[in-house]
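# Analysis of the macromolecular model
Listed below, chain by chain, are the residues.
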Amino acid sequence: MENEIKKQSTNIGLYLGGALLMIATSVYLIDYSLYLNPIKSVIVSLIIIIAAIYSILLTKNNNAGTVSFTEAFKSYFITVSIGYLIYSIWIFVIYSLIDSEAAKTIDEQAMIMSKEMLENFGLSSEMIAISMDEMSKTSNFSLSSIATNFCIKIIGYSFVGLIVSLIFFLLYPTKKD
């Protein structure tokens, strides 16, 4: 059963990665400034979570309608990790290797948005200047930034996965003979 979970979750993760790759490419081709759009981020997150829940559902259906917490979480985590890894690699390829000018433009827009947000919070101009100086030193699309973002997102999605796995475990507990 464990190999079947891995195989099935890997396949769904690959499909998820393909879907996210198409979204990232579409955003780049249509208007790369959409990269900073919070609605795009919410849509990407929902797609990731829905694909992972679908993976848990398939695991449950392949296991006579029951699922253990471990099986549910493993299915969720493998799907999310593979799909988001493909997405992260593709973002790096687009904005670091193919079109670094687009990355610079997005970084500048991100700095402007951050500055406005910090001003709205009432931070002093010295603190804002320090923040802007730090932001200008690294690109959001450097390999280290993308790797850090990947790890942070995987941790966040893992918390969601723990909750979803617990819900599935409580709704469809493993039958005891």
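Right, let's walk through the structure included here. (Residues numbered from 1 in each chain as written. Predicted model: local features only at pLDDT ≥ 70, side-chain atom pairs only at ≥ 80, totals over all residues. Heavy atoms only, no water.)

Secondary structure summary: the chain contains 6 helices and 0 strands in total. The order of helices and strands in the chain, counted from the N terminus, is α-α-α-α-α-α. In terms of principal-axis extent, the alpha carbons of the chain reach across some 65 × 35 × 25 Å. For the chain, the proportion of its 177 residues judged to be buried stands at 34%. Summarising the internal contacts of the chain: among those between residues at least 6 apart in sequence, 84% fall at separations of at least 24. Summing over all exposed atoms, the chain offers an accessible surface of approximately 10300 Å²; the carbon and sulfur share of this is 68%. One way to put it: in the chain the 11 positive side-chain charges average out to a point 14 Å from where the 14 negative ones average out. (Helix = DSSP H or I, 4+ residues; strand = E, 2+ residues; numbered from the N terminus. Buried < 20%, exposed > 50% of the residue type's maximum accessible area, 1.4 Å probe, protein only. Contact = heavy atoms within 4.5 Å. Areas by Shrake-Rupley, 256 points an atom, 1.4 Å probe, with all protein chains shown as cover. Lys, Arg positive; Asp, Glu negative; His and termini not counted. Charge placed at Lys NZ, Arg CZ, Asp CG, Glu CD.)

The next point concerns helix H4 (residues 100-120). Look at H4: 30 Å from first C-alpha to last across 21 residues, which is about the 30 Å you get at 1.5 Å a residue. Those residues of H4 not exposed but buried are Ala102, Ala103, Ile106, Asp107, Ala110, Ser114 and Leu118. One side of H4 holds all its buried residues, which, seen down the axis, span an arc of 140 degrees. Structural note: H4 exposes Glu108, Ile112 and Asn120 on the side pointing more than 90 degrees away from its buried face. Buried residues belonging to H4 abut helix H1 (2-31), helix H3 (69-98) and helix H5 (125-137). (Expected span 1.5 Å × (residues − 1). Arc of directions from axis to C-beta.)

Generally speaking, a soluble globular protein has its nonpolar side chains buried in company with each other. Residues Tyr35, Ile48, Tyr87, Ile91 and Tyr95 are the most contacted members of the largest nonpolar core, which totals 33 residues. At the level of secondary structure, the elements contributing two or more residues to this core comprise H1, helix H2 (38-61), H3, H4 and helix H6 (143-171). It is H3 that contributes the most residues to this core, 9 residues altogether. In this structure tyrosine 95 touches Val27, Tyr28, Tyr32, Tyr35, Ser100, Ala102, Ala103, Ile106 and Phe141, once residues within four positions along its chain are discounted. (Core = buried A, V, L, I, M, F, W, Y, C linked by side-chain atoms within 4.5 Å.)

We now examine the packing of aromatic side chains. Here the structure, examined in full by the defined rule, presents 10 aromatic pairs. Judged by centre distance (5.8 Å) and plane angle (80 degrees), the ring pair of tyrosine 28 and tyrosine 95 falls under edge-to-face. Residue tyrosine 28 is located in helix H1, and its partner tyrosine 95 is located in helix H3; the two are separated by 67 residues in the primary sequence. Like tyrosine 28, the residue tyrosine 95 is buried in the burial classification. Members of the aromatic cluster, connected to one another through ring pairs, are Tyr28, Tyr32, Tyr35, Tyr95 and Phe141. Cation over ring: lysine 40 sits above tyrosine 35, and NZ or CZ is 4.5 Å from the ring centre. Positioned above the aromatic ring of tyrosine 172, the side-chain terminus of lysine 60 is 4.4 Å from the ring centre. (Phe/Tyr/Trp six-rings, centres within 6.5 Å; stacked < 30°, edge-to-face > 60°. Lys NZ or Arg CZ within 6 Å of the ring centre and 35° of its normal.)

Another point: the layout of surface pockets. There is about 570 Å³ of room inside the largest pocket. Forming the boundary of the largest pocket are 20 residues, of which Tyr35, Leu36, Asn140, Asn149 and Lys153 lie nearest the centre. Counting residues per element, the ones that place at least two in the lining of the largest pocket are H2, H3, H4 and H6. Among the elements that take part in the lining of the largest pocket, H6 stands out by supplying 6 residues, more than any other. Its residues placed into classes, the lining of the largest pocket shows 11 nonpolar, 7 polar and 2 charged. (1 Å grid on protein atoms, 1.4 Å probe; cavity = no way out; pocket = protein on both sides within 12 Å on 5 of 7 lines; lining within 4 Å. Points joined across faces, edges and corners; volume = space filled by probe spheres on them. Nonpolar A, V, L, I, M, F, W, Y, C, P; charged D, E, K, R; others polar.)

A separate point is unusual backbone geometry. Most peptide bonds take the trans configuration, and most residues that are not glycine carry a negative phi. Despite not being glycine, alanine 64 has its phi angle at roughly 60 degrees, a positive value. Topologically, alanine 64 is positioned in the loop between H2 and H3. Looking at alanine 64, the relative accessible area reads 64%, which means it is exposed.

Turning next to the side chain of serine 55. Considering the arrangement of structural elements, one finds serine 55 in helix H2. A polar contact is formed between the side chain of serine 55 and the side chain of serine 75, at a distance of 2.5 Å. Sequence-distant contacts of serine 55, that is, excluding residues within four places in its chain, are made with Gln8, Ser9, Ile12, Ser75 and Thr79. (Polar contact = N/O pair within 3.5 Å; in protein donor to acceptor, adjacent residues only side chain to side chain.)

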